[in-house]
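Residue strings, one per chain:
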Amino acid sequence: MKKKYCLIGAACISLMVLFLGSMTLHAQEKSVRLTCKSMTVQKGQYALIGLKGVADLAKVKWSVTGKAVKIHEIDRDGFCSIKAVRTGTGTVKCAVNNKIRKCRVKVVADHAWIGDFTDAQEEVHLRIYKNDKKYVAFYGQYRLAQMDWLTGTVKNGVLSLEGTDPADHPITVTLAQEGSKWMFTFQKTSWEYFNQGSTISLKKYNRV
């Protein structure tokens, strides 16, 4: 009888281990996600799709379907850089543990708020595209600053973006069109190299 109880106990422990292992795997799979499920970019633009929740990136495989986009490069941090080569739609696929996650990419010829911008001296570069329902911006200023993953929305004809400055402090910037120019304004900033309220005049340009 004692042996019987020991066998039952061992079986229960085995089932518990299997159950906990299954729950852990399920939780890990749920935590794996792309930075967006849909994206809108302008023809000629480069854009990033990130992968979160994966420790072993060597087992990750990226691919695309459709002729609108192509993979430019994949970095060691789990980001896939794509290039919009023609108008239309395409799908970026990411395979992890035999499960595929997808991002639908729409490539447009022109868009009011999507594109690449620069100043007259070409020292400031601003790239904007849309991830899901929000705009995403990447700001670079020669020998001074780099700000990635600023996010925001358009209200009353002004694109307001929030994120962190190079010192990791909160920052708010806006972009508004005035004729053929785009005015980029530092609305809220505490970084010593940015002046609150200062504006940079930008022009939009198309990449081929």
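Residues numbered from 1 in each chain as written. Predicted model: local features only at pLDDT ≥ 70, side-chain atom pairs only at ≥ 80, totals over all residues. Heavy atoms only, no water.

## Some words on the pattern of salt bridges
Consideration 1: Evaluated as defined, the whole model comprises 2 salt bridges.
Consideration 2: Put simply, Lys-204 and Asp-110 hold a salt bridge, and the shortest N to O gap is 3.3 Å. One end of the pair, Lys-204, is in strand 16 (residues 199–205); the other, Asp-110, is in the loop between strand 8 (99–108) and strand 9 (115–118), and 94 residues separate them in sequence.
Consideration 3: For Lys-204, a relative accessible area of 23% translates into the label partly exposed.
Consideration 4: Here Arg-127 and Asp-116 are joined by a salt bridge, their closest N and O atoms 3.0 Å apart. (Salt bridge = Lys/Arg side-chain N within 4 Å of Asp/Glu carboxyl O. Helix = DSSP H or I, 4+ residues; strand = E, 2+ residues; numbered from the N terminus. Buried < 20%, exposed > 50% of the residue type's maximum accessible area, 1.4 Å probe, protein only.)

## Topic: the sheet that holds strand 3 (residues 46–52)
Consideration 1: In spatial order, the strands read 1-3-6-5; together these 4 strands make up an open sheet with antiparallel pairing. Looking at the sheet topology across the chains shown, the edges are occupied by strand 1 (33–34) and strand 5 (69–74).
Consideration 2: Inspection of the sheet shows strand 3 paired to strand 6 (residues 79–84) by 5 bridges, in the antiparallel sense. The residue bridging Gly-50 from the neighbouring strand is Phe-79, located in strand 6. (Pairing = 2+ DSSP bridges.)

## So, unusual backbone geometry
Consideration 1: With phi around 65 degrees, Asn-98 is a residue other than glycine that occupies positive phi space.
Consideration 2: Examined against the element boundaries, Asn-98 turns out to sit in the loop between strand 7 (88–96) and strand 8.
Consideration 3: Asn-98 sits in the exposed class, given a relative accessible area of 83%.

## Remarks on the pairing of strand 8
Consideration 1: The pairing of strand 2 (residues 38–42) with strand 8 spans 5 bridges and is parallel. Bridged to Met-39 within strand 8 is Val-105.
Consideration 2: Relative to strand 8, strand 7 runs antiparallel, the two being bridged by 9 bridges. Its bridge partner being in strand 8, Thr-89 is matched across the sheet by Lys-106.
Consideration 3: Counting the residues between successive antiparallel strands, the hairpin from strand 7 to strand 8 contains 2 residues, one of them, Asn-97, with a positive phi of roughly 50 degrees.

## Observations regarding the environment of Arg-86
Consideration 1: With respect to the helices and strands, Arg-86 occurs in the loop between strand 6 and strand 7.
Consideration 2: For Arg-86, a relative accessible area of 45% gives the class partly exposed.
Consideration 3: Considering only alpha carbons, one finds Arg-86 and Gln-42, 44 residues apart in sequence, at a separation of 8.9 Å.

## Overview of the state of the cysteines
Consideration 1: Tallied over the entire structure, the rule returns 0 disulfides.
Consideration 2: Not engaged in a disulfide, the cysteine Cys-36 finds its nearest cysteine sulfur in Cys-103; these two sulfurs lie 3.6 Å apart.
Consideration 3: Counting only cysteine sulfurs, Cys-80 is the nearest neighbor of Cys-94, a cysteine outside any disulfide, at a range of 8.1 Å.
Consideration 4: We classify Cys-94 as buried; its relative accessible area is 0%. (Disulfide = S-S within 2.5 Å.)

## Here's the deal with the nonpolar core
Consideration 1: Ranked by size, the top nonpolar core spans 49 residues in total, and within it Met-39, Tyr-139 and Leu-175 carry the most contacts.
Consideration 2: It is strand 11 (residues 134–141) that provides the largest number of residues to this core, a total of 5 residues. (Core = buried A, V, L, I, M, F, W, Y, C linked by side-chain atoms within 4.5 Å.)

## Quick look at the confidence of the model for the chain
Consideration 1: Mean pLDDT over the chain works out to 87, with 85% of the residues at or above the 70 mark.
Consideration 2: pLDDT under 50 marks residues 14–29. Its contacts with residues more than four places away, or in other chains, come to 1 contact. (pLDDT = per-residue confidence, 0-100. Contact = heavy atoms within 4.5 Å.)

## With respect to the packing of aromatic side chains
Consideration 1: Enumeration according to the criterion identifies 12 aromatic pairs in this entry.
Consideration 2: Their ring planes at 10 degrees and their centres at 5.0 Å tell us that Tyr-139 and Phe-184 sit as a pair that is stacked. Linking Tyr-139 in strand 11 with Phe-184 in strand 15 (residues 181–188), this pair joins segments that are 45 residues apart in sequence.
Consideration 3: Judged by its relative accessible area of 1%, Phe-184 is buried.
Consideration 4: What makes Tyr-139 buried here is its relative accessible area of 1%.
Consideration 5: Among the aromatic residues, those joined into a cluster by ring pairs are Tyr-139, Phe-184, Phe-186, Trp-191, Tyr-193 and Phe-194. (Phe/Tyr/Trp six-rings, centres within 6.5 Å; stacked < 30°, edge-to-face > 60°.)

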